[in-house]
Amino acid sequence: MPKEQKKPSESRRNFLKVLGAGGAIVAMNGLNPTQMVRAQSTGTTTLLDLIPEAGVGSDVLIRMQNDLHRAMLKKPSERHWVMVIDLRKCVGCHACTIGCVAENKLPPGVVYRPVLEKEIGSYPNVSRAFVPRPCMQCENPPCTPVCPVHATFTNEEGIVVVDYEQCIGCRACIAACPYGARTFDFGYTYTENTPVAVGKIVGKDTADNYERIANDEYGKSYARPDDHGSPIGNVRKCHFCLHRLREGQLPACTTTCIGRATLFGDANDPTSLVAEMISKPNIMVLKEELGTKPKVFYLV
Amino acid sequence: MKKGSKLRILFYALGVLTLLAGIWGFVLRFTIGEQGANYGSYIPWGLWVSMYLFFAGIAAGAYMIASLEFLFGIKLFKGTGKIALWGALVTLPIGLMTIALDLGHLERIWKVFLNPSFGSIMAQMVWGYSLFFIIILVSLWVVIRKPQAKLIKPLFIVGVLLSIFLSGGVGAFLGINASRVFWHVGLLPAQFPFFSLASGAALLLLVLGWLAPNGDENRVKQLRALGLMTIALAFIKLFFLFTDFSQSLYAEVPDNVQAVKAILFGDGWWLFWFIQIGLGTLLPIIILWIPKIGQKRYWAGAMGLLVLIGIAVARANIVVPGLLVPEFQGLSTAFQGPHLGNTYFPSLMEWLVVSGGVGIAILVFLIGAERLPLWLTKSSHVPEAEVKQ
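Since this is a predicted model, take the numbers as computed values, not measurements. (Residues numbered from 1 in each chain as written. Chains lettered and ligands numbered in written order. Predicted model: local features only at pLDDT ≥ 70, side-chain atom pairs only at ≥ 80, totals over all residues.)

Here we take up the overall build of chain B. Summing up its helical and strand segments, chain B has 15 helices and zero strands in all. Relative to its length of 389 residues, chain B is compact, with a C-alpha radius of gyration of 21 Å against a globular reference of 21 Å. Over its C-alpha atoms, taken along the principal directions, chain B stretches across nearly 75 × 45 × 40 Å. Counting across all 389 residues of chain B, residues that qualify as buried make up 51%. When contacts within chain B are restricted to residue pairs at least 6 apart in sequence, long-range pairs at least 24 apart make up 79% of them. (Helix = DSSP H or I, 4+ residues; strand = E, 2+ residues; numbered from the N terminus. Rg over C-alpha atoms; globule rule 2.2 N^0.38 Å. Buried ≥ 20, exposed ≤ 12 C-beta atoms within 10 Å, placed from the backbone. Contact = placed C-beta atoms within 7 Å.)

Shown next as structure tokens:
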């Protein structure tokens, strides 16, 4: 068995990070997400109405929220979602990874956005590079044609999605992805095998429930059942937080990035921040030679 | 096979033991599920996919061997076709079983039939092998029940073509993954029909050498012919290995070099050198080359078994090294969790399930070989004049 599979304490540590980051997301938004949805559905005040206009010197998050607002008014097929990651600003804090895990309630062994770390040079000229790696949402994805049952495909907004009820769990898409951007849900939970010690371990039940209640991926309700139902047994991947976009929220990795290194928006909108960024000369994509045409760009 | 013979008892005992171990494996598979496997998200396929390639290859190869009698009408192989077809019929479902147990949602397999994406090689394989199973079944039924039927040759033409294309398709199933440079070579699909034919020839060597009843005057010549075929195919396999590995190492494409070095010098180096090359290729070449030894039934059968074991290792040495090379350095350490490693050795559950498949194959094959009219008997000799009519 590989070493990585023998580390329950690592898993539990990840879970604690998840809990912390989950709280941080809500705190950073400054608003209760359920209240926002409710406001939107009543037609009185929407989340987007609460966002101030971006001005000179304002946080890029405000500008991206405005960009998102404009994009969501368009037809889905007219949007061209793009993510830009400024590697010069990434400090390797892994907040995006954990924000994503918390948002999508990812179980142990499932990760949508790891941050690769690399040490460069030799002493005394040493530095570290960090490369966050979400799904590239390729325009020519090698992962979708190999699926035997049409379970993974590019939706009308250009996002590569997985239909959990259709997926048979063959993992052909994992083998085909050149970016290692897909992981398989083996059905673990972080709270598995946590000892019961009444009065000594506080919050076990709450944590257990937190893991099992539904996430909101793809705008559907995927609770973690015990009977091996989806998404257990499925291949899972980053979807640019489509469910958040529907609610006028930026992807979790974008809002949790403390260095504002992750930018997101509609590249079809020439006034958007991402459209401006992808026209820079220092922009690049990973494994360009494969011709997959990623929609995740890196500023170097 | 004589009732009471030591080999018969040995094979039945082996079948029962491996099946018993397999039952424990099946119980684990359906209780703890894929958590009990050692493949993961960065090495998504392992022993079960390798064994799918192995058993499906035997089935395709055995059908090709059966065609020597029923399609090409080679007199020397008269009486070997039915048992070869039986071998194909038994091994194909075992291959499909191992790949089915590899699925996260086995209960949704029907979707591949009702909502297939025919652009996917995997969907093509599922449909192709289902059709192939029906063709093997019909072929066996026809050659037993209606040996004079005109349907036999057209049926075998379709079956042989299908066995070649399906073997090649298995190679394409891996080869189309352009980012896996170890697999993504044009020659990969072209190699697999040869591997299949070698598997079929080895199965027949084993069966005719160890299990066939006495009394066929052609037996020695059949073993010699199969032995020579096995030698030729062993040289072809070695040639393919040399071209693949030398091209990879000379070109110095890092991912490719890493995969080849993992085979030659990695954790499983002994599997490659001792079992795949030593016992599975070189020893059979030497033994089968020498007529005095190679024509002897027990030696021929033993070499058939060794070749099969070598091919099983060879299949794993195609599937796993192609996945060992990470998409990015540092990917497996970027986030810790179960099944996120970039090393692989099959878990006990994986071994047990394969053991169960082997057990089922041995027992079903033996029972069929004893109960079904698969062997050439004096009464089954049909005068040539009668055949012509």
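For the rest of this paragraph, the subject is the overall build of chain A. When you go through chain A residue by residue, the secondary structure sums to 10 helices and 10 strands. For chain A, with 300 residues in total, the buried portion stands at 45%. Here the analysis covers contacts within chain A between residues at least 6 apart in sequence; of these, 64% occur between residues at least 24 apart.

Here the focus is the pairing of strand 2 (residues 115-122) of chain A. Residues and elements named next belong to chain A. In this sheet, strand 3 (residues 125-132) lies alongside strand 2 in antiparallel orientation, the contact comprising eight bridges. Residue pairing for strand 3: Lys 118 is matched across the bridge by Ala 129. Connecting strand 2 to the next strand, strand 3, in antiparallel fashion are two residues. (Pairing = 2+ DSSP bridges.)

Residue and element names in this part refer to chain A. The strand order across the open sheet built from four strands is 8-1-10-9, with neighbouring strands paired in mixed fashion. Here the strands that pair on one side only, and so sit at the sheet edges, are strand 8 (262-266) and strand 9 (283-284). Where strand 1 (residues 81-86) and strand 10 (residues 296-299) come together, four bridges link them in parallel fashion. Of the residues in strand 10, the one forming a bridge with Val 84 is Phe 297.

The subject of this paragraph is the interface of chain B and chain A. Across the boundary between the two partners, chain B contributes 46 residues, which contact 48 residues of chain A. Looking at the side of chain B that touches chain A, the elements that each hand over two or more residues are helix 4 (110-114), helix 5 (121-145) and helix 13 (331-334) of chain B. Per-element accounting of the side of chain B that touches chain A gives the leading share, four residues, to helix 5 of chain B.

Right, let's talk about the domain arrangement of chain B for a bit. Accessible area lost on assembly of the parts is the figure often given for the size of an interface. Residue and element names in this part refer to chain B. In terms of domain boundaries, chain B breaks down into domain 1 (7-38 + 346-370) and domain 2 (39-331). Counting residues at the interface gives 16 residues for domain 1, matched by 17 residues for domain 2. Elements supplying a minimum of two residues to the side of domain 1 that touches domain 2: helix 1 (6-31) and helix 14 (348-371). Here the side of domain 1 that touches domain 2 gets 10 residues from one element, more than from any other, and that element is helix 14. (Domains from an automatic or database assignment.)

When strand 9 of chain A meets strand 10 of chain A, the two strands line up antiparallel, connected through two bridges. Residue pairing for strand 10 of chain A: Ile 283 of chain A is matched across the bridge by Leu 299 of chain A.

Before going further, it helps to examine the nonpolar core. Residues and elements named next belong to chain B. Among the nonpolar cores identified, the biggest contains 184 residues, and Leu 85, Ala 88, Leu 92, Ala 201 and Leu 205 are the most heavily contacted of them. A per-element tally of this core places helix 2 (residues 47-70) first, with 19 residues. Counting only domains with at least three residues in this core, you end up with domain 1 (7-38 + 346-370) and domain 2 (39-331). Leaving out residues up to four positions away in the same chain, Ala 201 has contacts with Gly 61, Ile 65, Leu 226, Met 229, Thr 230 and Leu 233. (Core = buried A, V, L, I, M, F, W, Y, C linked by C-beta atoms within 7 Å.)

Attention now moves to the packing of helix 7 (residues 187-211) of chain B against helix 12 (residues 297-324) of chain B. Residue and element names in this part refer to chain B. Put simply, helix 7 and helix 12 touch, their axes get as near as 7 Å, and they point 145° apart. Seen from above, helix 7 lies across helix 12 with left-handed handedness. In contact with Phe 195, Ala 198, Ser 199, Ala 202, Leu 203, Leu 205, Leu 206, Gly 209 and Trp 210 of helix 7, helix 12 contributes Arg 297, Tyr 298, Ala 300, Gly 301, Met 303, Gly 304, Leu 305, Val 307, Leu 308 and Ile 311. (Axes fitted to C-alpha atoms, helices over the stretch in contact; angles between N-to-C directions. Left-handed = near helix turned anticlockwise from the far one by under 90°.)

Attention now goes to the environment of Cys 100 of chain A. Looking at the secondary structure, you find Cys 100 of chain A in helix 5 (residues 95-104). For the pair Cys 100 of chain A and Cys 147 of chain A, spaced 47 residues apart in sequence, the C-alpha to C-alpha distance is 25 Å.

Residue and element names in this part refer to chain B. The end-to-end C-alpha distance of helix 6 (residues 152-175) is 34 Å, a good match for the 34 Å that 24 residues give at a rise of 1.5 Å each. By the burial criterion, the buried members of helix 6 are Phe 156, Gly 159, Ser 163, Leu 166, Ser 167, Gly 169, Val 170, Gly 171, Phe 173, Leu 174 and Gly 175. The inward-facing, buried residues of helix 6 abut helix 2, helix 5, helix 7 and helix 12. (Expected span 1.5 Å × (residues − 1).)

All names here are of chain B. Between helix 6 and helix 7, the shortest axis-to-axis distance is 7 Å and the interhelical angle comes to 135°. What the angle tells us is that helix 6 and helix 7 run oblique. Remark: the crossing between helix 6 and helix 7 carries right-handed chirality. Contacts between helix 6 and helix 7 involve Ser 163, Ile 164, Ser 167, Gly 168, Val 170, Gly 171, Ala 172, Leu 174 and Gly 175 from the former and Leu 188, Pro 189, Ala 190, Gln 191, Phe 192, Pro 193 and Ser 196 from the latter. Across the contact of helix 6 with helix 7, the residue classes break down as nine nonpolar, seven polar and no charged. (Parallel < 35°, antiparallel > 145°, perpendicular 65-115°, else oblique. Nonpolar A, V, L, I, M, F, W, Y, C, P; charged D, E, K, R; others polar.)

Note on placement: Lys 280 of chain A falls in the loop between helix 10 (273-277) and strand 9. For the pair formed by Lys 280 of chain A and Leu 299 of chain A, sequence separation is 19 residues and the distance between their alpha carbons is 8.1 Å.

Okay, the confidence of the model for chain A next. Residue and element names in this part refer to chain A. Per-residue confidence for chain A gives a mean pLDDT of 85; residues scoring 70 or more make up 81%. The model gives residues 1-10 a pLDDT under 50, and that stretch makes 18 contacts with residues more than four places away or in other chains. For the stretch residues 18-41, pLDDT sits under 50, and the model shows 29 contacts to residues farther than four places along the chain or on other chains. (pLDDT = per-residue confidence, 0-100.)

This part takes up the confidence of the model for chain B. A low pLDDT score tells you not to read the predicted coordinates there in detail. All names here are of chain B. Scored by pLDDT, chain B comes out at a mean of 93, with 96% of its residues at no less than 70. With pLDDT under 50 throughout, residues 381-389 is counted as low confidence; its partners more than four residues away or in other chains account for one contact. Model confidence for the complex is summarised by a pTM of 0.88, with the ipTM given as 0.92.

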